[in-house]
Amino acid sequence: MTEIFDLALLESVMRALTPVLLAALGGLLCEKAGVFNIGLEGFMLVGCFAAVAGSWFGGDAWIGVITAVIAGMLMAAILSFASVTLGADAIIVGIALNLLAVGLTSFLVRTVLGAQGTFQDPALDGLPIFLSQSPLTYLSWALVPIFVVFLRRTVWGFRLQGVGESPSAARSLGVNTKRYQHAAVLASGALCGLAGAQLALGNVVLFSENMTAGRGWVAVVVVMLGQAAPIGTLVAALLFAVTEAVGFRLQGLGLPSQFTTAAPYVITLAALVLVSVRRRTLTVRRARGTNSPAPSGGGATPPVPTDPATRATVSQGENHVS
Amino acid sequence: MTRPLNGGVTAGRPQSAAPGATTVEMRGISKWYSNGVMANDHVDLVLNPGEIHALVGENGAGKSTLMSILCGLEEPTDGEIRLDGQTVSFSSPVSASEAGIGMVHQEFKLFPSLTVAENVAFRAEPTRLGMFLSRREARERVRELADRYRLGVDPNAKVGQLSVGMLQRVEILKALHRDAQVLILDEPTAVLTPQEVDDLFAVLRELRDAGRTIVVVTHKLREVMAFSDRITVLRDGRSIATLTTSETNPAEVAHHMTGRDVDLDGRYNAGSPAGVALRVDGLFVQNELGVMVVSDANFSVRHGEIVGIAGVAGSGQTELIESIAGLGGHSSGVVELDGTDIHQLSAAERRRKGIAYIPEDRRGVGSAVTASVSDNLAMGFHRRAPLRKGWRLDRAAMKRHSADIIEAFGIRVSHAKVEAGTLSGGNLQKVIVGREMSHDSAVLLVDQPTRGVDIGAIENIHGRLRAYRDRGHAIVLTSAELSELFALADRILVMYGGRVVAEYPRADATEAKIGLAMAGITQQTLTGSEETT
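Note that residues are indexed from 1 along each chain, following the sequence as it is written. Starting at A for chains and at 1 for ligands, labels are handed out in the order in which the entities are written. For a predicted model such as this one, the threshold for reporting local features is a pLDDT of at least 70, and the threshold for listing and counting side-chain atom pairs is 80 or more; totals across whole chains, interfaces and linings nevertheless cover every residue. The basis for the side-chain values is all heavy atoms of the structure; hydrogens and waters are excluded.

**Brief notes about the overall build of chain B**
Then, in step 1: Within chain B, the secondary structure is distributed over 18 helices and 25 strands.
Then, in step 2: What the globule rule says is 2.2 Å times the number of residues to the power 0.38, and the radius of gyration is computed from C-alpha atoms. Relative to a compact globule of 533 residues, whose C-alpha radius of gyration would be 24 Å, chain B shows 25 Å and is just as compact.
Then, in step 3: Counting only C-alpha atoms, chain B reaches 75 × 50 × 45 Å along its principal axes.
Then, in step 4: Among the 533 residues that make up chain B, the fraction classed as buried is 55%.
Then, in step 5: The contact rule is simple, with two residues in contact once any of their heavy atoms fall within 4.5 Å. Across chain B, contacts joining residues at least 24 apart in sequence account for 68% of those joining residues at least 6 apart.
Then, in step 6: Accessible surface, chain B as shown: approximately 21,500 Å² in total, 50% of it carbon and sulfur.
Then, in step 7: His is not counted, nor are the chain ends; Lys and Arg add positive charge and Asp and Glu add negative charge. Working definition for charges: the position is that of NZ of Lys, CZ of Arg, CG of Asp or CD of Glu. Distance between charge centres in chain B, computed from 59 positive and 67 negative side chains, equals 4 Å. The helix count covers DSSP runs of H or I at least four residues long, the strand count covers runs of E at least two residues long, and both are numbered beginning at the N terminus. Buried residues are those whose accessible area, probed at 1.4 Å on protein chains only, stays under 20% of the maximum for their type, while exposed residues exceed 50% and partly exposed ones sit between those limits. Reported accessibility uses the Shrake-Rupley method at a 1.4 Å probe radius. Residues are deemed covered only where the shown protein chains occlude them.

Okay, here's the thing in structure tokens:
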């Protein structure tokens with residue numbers, strides 16, 4: 001066991017964690033605002049390319065990071081314009097953007113960077129490393145408590161959650177729901193841009209076609225698994241990162257690579273199933289606990305009710321922008 | 001003189017008690033919609049501080065439009081609104097709310113996962129350092145308001161777990177938190193149990209006595225008479241009369257509402273029941289969550305008899321009716337139609353055997369709102385001659401079929417091709433009632449036949465149900481209105497927690513007895529089986 005778990009493993013867990021966590025925090029904001037954002041993968045991939053291109057032409061990794069953030073936000077702007085302003089289905093737009101990102105970056109790596117499939121150059125500036133982690137990793141950790149405070153304590157975070165839960169209720173109180181949704185989607189673009197920069201300038205220093213390899217999708221799942229709470233999202237992202245890191249290590253020990261590469265996705269799937277099964281049993285149990293007819297003696301005189309008869313069904317409004 | 005009110009927000013003015021006692025005058029309000037419909041035609045309405053003012057009228061009389069204008073949802077085409085003599089114009093509900101006008105809509109606009117205090121404070125949050133939410137302050141404010149007006153709401157309760165009556169109070173609190181001097185409630189009693197209605201009006205009286213103005217939009221005459229101080233009647237977009245409640249009577253109000261004399265609630269006349277048509281024995285129903293929603297239901301309904309089922313919402317009435325119709329969850333037990341067990345049959349087979357069904361949800365279940373009235377009337381008849389001709393539909397026969405029902409049931413449509421969804425609630429209900437009665441089935445199941453339907457249509461539907469019974473059909477009826485059950489039913493069953501807990505012949509039934517049984521309190525053990533068989 002000692003061959004598997006050591007300091008190097010911890011470092012590779014952290015490396016696997018950062019991009020997923022950053023993207024998932026973006027997804028979390030959208031989820032809270034009631035926009036189901038499945039474009040994280042595409043935003044991140046465009047972020048990867050923009051980071052490399054920015055760093056290459058700007059000569060500095062930080063220029064790359066800024067470019068990545070801007071590129072991620074541009075992608076996000078398409079989603080927010082289409083789904084929030086025009087009212088298109090966010091899922092369909094998200095899928096389109098993911099497809100666009102793959103094609104666009106493959107095309108640009110050829111035309112702009114003049115490389116086939118993968119662009120790599122010793123002169124390409126990567127992110128600085130402190131204590132074997134990039135600054136973006138520390139930023140991602142810092143964001144978790146900031147998110148907790150933002151969502152729980154600030155007026156904006158409070159209203160954002162209201163907007164996501166019941167847009168019609170928020171609107172009736174004079175909240176500009178679209179503004180909150182635009183802001184959340186754009187912020188997710190920025191965070192995915194950071195995730196892409198971490199992936200292309202932190203974890204490795206190169207760009208290759210489709211290099212996100214499903215991490216954006218994992219981030220989508222992580223948000224669900226973490227029930228759109230910052231700490232929950234961190235834990236879920238960590239579960240994925242550990243699986244990925246251990247998988248790599250096991251690969252080194254001779255396990256077939258297909259098996260270890262698939263592991264994170266299998267784990268994610270299994271966790272999702274477990275969580276939803278658990279949630280369903282809870283719902284049923286709660287329903288049984290409050291609504292089932294009281295077991296009355298002989299059916300003649302049921303006991304006096306303890307709780308008022310009608311359970312509320314508040315209109316949840318539109319849960320997601322569509 | 002215009003006091004412009006912008007759409008901006010001042011977060012929760014904790015302007016303490018001393019109410020500003022606002023007088024509202026709406027003068028010559030008109031509203032034309034772009035499609036040429038005139039919803040309000042020079043309507044006048046004066047609201048005095050410290051009164052409960054009932055705004056009554058049939059569906060389509062323009063009540064909702066008038067209140068939408070007052071609360072800033074819509075702008076009038078013509079006319080003016082004055083608050084204490086000053087002309088105002090509202091660009092949005094927020095600006096109306098800043099001027100002290102709050103509205104409690106029929107459909108609550110709340111956040112289920114947030115607490116009462118959070119819901120009340122939303123968008124008018126008490127803050128610290130300008131950006132941090134002070135939940136403690138919000139809680140205290142809500143507790144203070146709830147105590148002062150005896151609302152009995154716990155500020156920490158999760159809204160998603162409250163009863164409908166409580167949700168309504170949260171909405172009232174929202175308006176009070178924003179310091180509403182004028183509180184408009186749109187059909188506030190539609191979703192409440194009789195007990196909750198009394199509680200609500202106790203709260204409203206408390207608010208009135210504190211100098212606030214209460215407007216209740218309603219079409220329920222009984223409540224209007226019992227709780228209002230003054231009444232304004234609208235009809236066809238015009239204000240017909242403003243009456244002082246103590247100096248008028250229900251018949252006069254109904255006359256103003258409809259423009260003719262109305263037989264209020266109809267008088268009950270006894271049916272003459274014959275043999276058993278429908279027998280339910282040991283019926284259990286589970287919903288899709290696996291929860292038992294109907295337990296051990298035993299009763300029978302005779303030809304020429306209306307059996308009413310009372311109970312607070314969610315006591316299993318709807319599930320019972322659905323189950324007899326062959327819909328809904330998993331069920332076990334015996335359902336016999338004229339002596340043959342139909343429990344194993346599908347909904348379509350049951351219909352063929354002689355069960356017709358008027359569901360509670362007339363837009364979602366009872367009709368296809370995007371289809372024409374004619375198509376809606378053909379449903380259920382389309383598989384048989386004369387509407388079916390070989391493998392295709394006979395359009396000419398369909399036309400005759402729909403024309404017959406439209407004529408017989410007095411459905412007001414310009415044309416049978418009109419989309420059913422554009423009909424008013426009462427008119428659409430007539431379409432459904434007409435279709436189901438035309439099946440001439442032995443048993444008719446009716447779930448909430450007149451919910452949200454105006455007086456004229458109620459009278460019409462009640463008359464038809466009685467006539468249908470008198471032709472020897474059996475009717476099972478549920479209603480949230482006890483008065484409706486008393487007007488129609490020959491026998492009343494009461495459901496509580498999925499069980500039939502009491503049964504009264506019409507002669508023995510009183511509102512008090514049934515009200516208690518609806519809360520699960522009953523001395524009477526189930527004597528139903530001896531009684532009916």
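**What to know about the overall build of chain A**
Then, in step 1: Looking only at helices and strands, chain A has 11 helices and two strands in total.
Then, in step 2: Counted from the first residue to the last, chain A has its helices and strands arranged as α-α-α-α-β-α-α-α-α-β-α-α-α.
Then, in step 3: Taken over 322 residues, chain A has a buried fraction of 51%.
Then, in step 4: Contacts in chain A between residues at least 24 apart in sequence constitute 79% of all its contacts with a sequence separation of at least 6.
Then, in step 5: If you sum the accessible surface of chain A, you get close to 14,300 Å²; carbon and sulfur atoms cover 68% of it.

**Considering the sheet that holds strand E17 (residues 330–337) of chain B**
Residues and elements named next belong to chain B.
Then, in step 1: Only strands that DSSP links by at least two bridges are regarded as paired with each other. Taken together, the four strands give an open sheet; going across it, the order is E15-E14-E17-E18, and neighbouring strands pair in antiparallel fashion. Of all the strands in the sheet, the pair left with one neighbour each is strand E15 (292–302) and strand E18 (340–341).
Then, in step 2: Note that E17 and E18 share two bridges and pair antiparallel. Directly across from Glu-336, in E18, lies its bridge partner Asp-341.
Then, in step 3: Every axis corresponds to a line fitted to the C-alpha atoms, with the helix fit spanning only the stretch in contact, and the corresponding angles, defined between N-to-C directions, vary from 0 to 180 degrees. Running over the sheet, helix H9 (residues 317–325) touches strand E14 (276–286), E15 and E17 and is turned about 65 degrees from E15.

**What to know about the packing of aromatic side chains**
Then, in step 1: Geometry of aromatic contacts follows a simple scheme: Phe, Tyr and Trp rings, the Trp one being its six-membered ring, pair when their centres are within 6.5 Å, and the pair is stacked under 30 degrees between planes, edge-to-face over 60, tilted otherwise. Counted under the stated rule, the structure contains six aromatic pairs over all chains.
Then, in step 2: Seen in terms of ring centroids, A:Tyr138 and A:Trp141 are 5.4 Å apart; in terms of plane orientation they differ by 85 degrees. Their pairing is edge-to-face. Of this pair, A:Tyr138 and A:Trp141 both sit in helix H5 (residues 135–153), three residues apart, which is roughly one turn of the helix.
Then, in step 3: Aromatic side chains B:Phe111 and B:Phe122 sit 4.4 Å apart centroid to centroid with 40 degrees between the ring planes, which places their arrangement in the tilted category. In this pair, B:Phe111 sits in the loop between strand E7 (101–104) and helix H3 (116–121) while B:Phe122 sits in the loop between H3 and strand E8 (127–128), placing the two residues 11 residues apart along the sequence. B:Phe122 matches B:Phe111 in its accessibility class, with the two residues each being buried.

**Re the packing of helix H1 (residues 7–33) of chain A against H5(A)**
All names here are of chain A.
Then, in step 1: Following both chains from N to C, one finds H1 and H5 inclined at 30 degrees, their axes separated by 9 Å at the closest point. Considering the angle they form, H1 stands roughly parallel to H5. Between H1 and H5 lies a crossing whose hand is left-handed. Taken together, the residues of H5 that come into contact with H1 (itself represented by Met-14, Leu-17, Thr-18, Leu-21, Leu-22, Leu-25, Leu-28, Leu-29 and Lys-32) are Leu-136, Thr-137, Ser-140, Trp-141, Leu-143, Val-144, Phe-147, Phe-150 and Leu-151. For classification purposes, angles smaller than 35 degrees are called roughly parallel, those larger than 145 roughly antiparallel, those between 65 and 115 roughly perpendicular, and all remaining angles oblique. Two helices that cross are described as forming a left-handed crossing if the nearer one is turned anticlockwise from the farther one by less than a right angle, and a right-handed crossing if clockwise.

**Section: H1(A)**
Because each turn of an α-helix spans 3.6 residues, side chains separated by three or four positions in sequence point in the same direction.
Residues and elements named next belong to chain A.
Then, in step 1: Given the number of residues in a helix, its expected span is that number minus one, multiplied by 1.5 Å. A rise of 1.5 Å per residue sets the reference length of H1, with its 27 residues, at 39 Å; its end C-alpha atoms lie 38 Å apart and thus fit the reference within 8%.
Then, in step 2: At any given residue, the bend is defined as the angle formed between two axes, one fitted to the seven residues that end at that position and one fitted to the seven that begin there. Remark: the principal bend of H1, roughly 30 degrees, maps to Leu-17, with a proline, Pro-19, within the next four residues.
Then, in step 3: The element H1 is largely enclosed, with a buried count of 21 among its 27 residues.

**Side note on the nonpolar core**
Then, in step 1: The biggest cluster of nonpolar side chains holds 94 residues, and the ones touching the most others in it are A:Val52, A:Leu191, A:Phe207 and B:Phe122.
Then, in step 2: Considering every element that reaches this core, the biggest residue donor is H1(A), with 15 residues.
Then, in step 3: For A:Leu191, the residues in contact, after removing those within four places along its chain, are A:Leu22, A:Leu25, A:Gly26, A:Leu29, A:Leu143 and A:Phe147.
Then, in step 4: Nonpolar cores were defined as sets of buried Ala, Val, Leu, Ile, Met, Phe, Trp, Tyr and Cys residues, with membership established by side-chain atoms within 4.5 Å. Listed in part, the 43 residues of the second largest apolar core include B:Ile306, B:Val431, B:Leu482 and B:Leu485.

**So, the pattern of salt bridges**
Residues and elements named next belong to chain B.
Then, in step 1: Think of a salt bridge as a Lys or Arg side-chain nitrogen and an Asp or Glu carboxyl oxygen that are within 4 Å of each other. For the structure on display, the rule yields 31 salt bridges over all chains.
Then, in step 2: Where Lys-31 meets Glu-74, a salt bridge forms, and the shortest distance between an N and an O atom there is 3.9 Å. Remark: Glu-74 occurs in the loop between helix H1 (63–70) and strand E5 (78–83) and Lys-31 occurs in strand E2 (residues 24–32); sequence separation between them is 43 residues.
Then, in step 3: Overall, the relative accessible area of 12% leaves Lys-31 in the buried class.
Then, in step 4: We classify Glu-74 as partly exposed; its relative accessible area is 22%.
Then, in step 5: Between Arg-230 and Glu-51 there is a salt bridge; the shortest N-O distance is 2.8 Å. Within this pair, whereas Arg-230 is found in strand E12 (residues 230–235), its partner Glu-51 is found in the loop between strand E3 (38–47) and strand E4 (52–56), the two being separated by 179 residues in sequence. In this pair, the class of Arg-230 matches that of Glu-51, namely buried.

**Notes on the sheet that holds strand E25 (residues 499–505) of chain B**
Residues and elements named next belong to chain B.
Then, in step 1: Strand order in this open sheet of six strands is E19-E22-E23-E16-E24-E25, and the pairing throughout is mixed. Every interior strand has two partners, whereas the edge strands, strand E19 (355–358) and E25, have only one. Across this sheet, the average inter-strand angle for adjacent strands is 20 degrees, counted without regard to direction.
Then, in step 2: Across five bridges, strand E22 (residues 443–447) lies against strand E23 (residues 474–478) in parallel orientation. Its bridge partner lying in E23, Leu-444 is registered against Ile-475.
Then, in step 3: Across the sheet, H9 lies against strand E16 (305–310), E19, E22, E23 and strand E24 (491–496), angled at about 150 degrees from E22, the strand it touches most.

**Some remarks on the side chain of B:Glu58**
Then, in step 1: Secondary-structure assignment places B:Glu58 in the loop between E4 and H1.
Then, in step 2: Beyond its immediate sequence surroundings of up to four residues, B:Glu58 is in contact with B:Lys63, B:Leu234, B:Met257, B:Thr258, B:Asp454, B:Ile455 and B:Gly456.

**Remarks on a positive patch on the surface**
All names here are of chain B.
Then, in step 1: To count toward a patch, a residue needs a relative accessible area above 30% and no salt bridge. Like charges then connect within 9 Å, nonpolar side chains (Val, Leu, Ile, Met, Phe, Trp, Tyr) within 5 Å. Among the surface-exposed residues, Arg-352, Arg-383, Arg-384 and Arg-388 lie close enough to one another that they form a single positively charged patch.
Then, in step 2: Assignment of secondary structure puts Arg-352 in helix H10 (residues 347–353).
Then, in step 3: Note on Arg-352: relative accessible area 60%, which makes it exposed.

**Here we look at the pairing of E25(B)**
Residue and element names in this part refer to chain B.
Then, in step 1: Among the seven residues in E25, six count as buried, and that is most of the element.
Then, in step 2: Strand direction decides the pairing type here: E24 and E25, joined by six bridges, are antiparallel. Residue pairing for E25: Tyr-496 is matched across the bridge by Arg-499.
Then, in step 3: Taking the residues that link successive antiparallel strands as the turn, the E24-E25 hairpin has two residues, and the phi of Gly-497 there is positive, at about 55 degrees.

**Brief notes about the confidence of the model for chain A**
Do not read the predicted coordinates in detail wherever pLDDT is low.
Then, in step 1: Model confidence for chain A is summarised by a mean pLDDT of 85, while 85% of its residues fall at 70 or above.
Then, in step 2: A residue's pLDDT is the confidence the predictor assigns to it, expressed on a 0 to 100 scale. In this model, residues 289–322 of chain A is a region of pLDDT below 50 whose contacts with residues beyond four sequence positions or in other chains number 77 contacts.

**Observations concerning a nonpolar patch on the surface**
All names here are of chain A.
Then, in step 1: A cluster of nonpolar side chains, namely Ile-91, Ile-92, Ile-95, Leu-99 and Trp-217, defines an oily patch on the protein surface of about 490 Å² accessible area.
Then, in step 2: When residues in the nonpolar patch are grouped by element, the largest group, four residues, is from helix H4 (residues 90–111).
Then, in step 3: Given a relative accessible area of 35%, Ile-91 falls into the partly exposed group.

**Notes on helix H6 (residues 194–209) of chain B**
Residue and element names in this part refer to chain B.
Then, in step 1: Taking 1.5 Å of rise per residue, 16 residues should cover 22 Å, and H6 covers 23 Å from first to last C-alpha, within 8% of that figure.
Then, in step 2: The set of residues buried in H6 consists of Glu-196, Val-197, Leu-200, Phe-201, Val-203, Leu-204, Leu-207 and Arg-208. The arc enclosing the buried residues of H6, seen along the axis, measures out at 155 degrees, which places them on a common side. Turned more than 90 degrees off the buried face of H6, the exposed positions are Gln-195 and Asp-209. As used here, the arc is the angular range of directions from the helix axis to the C-beta atoms.

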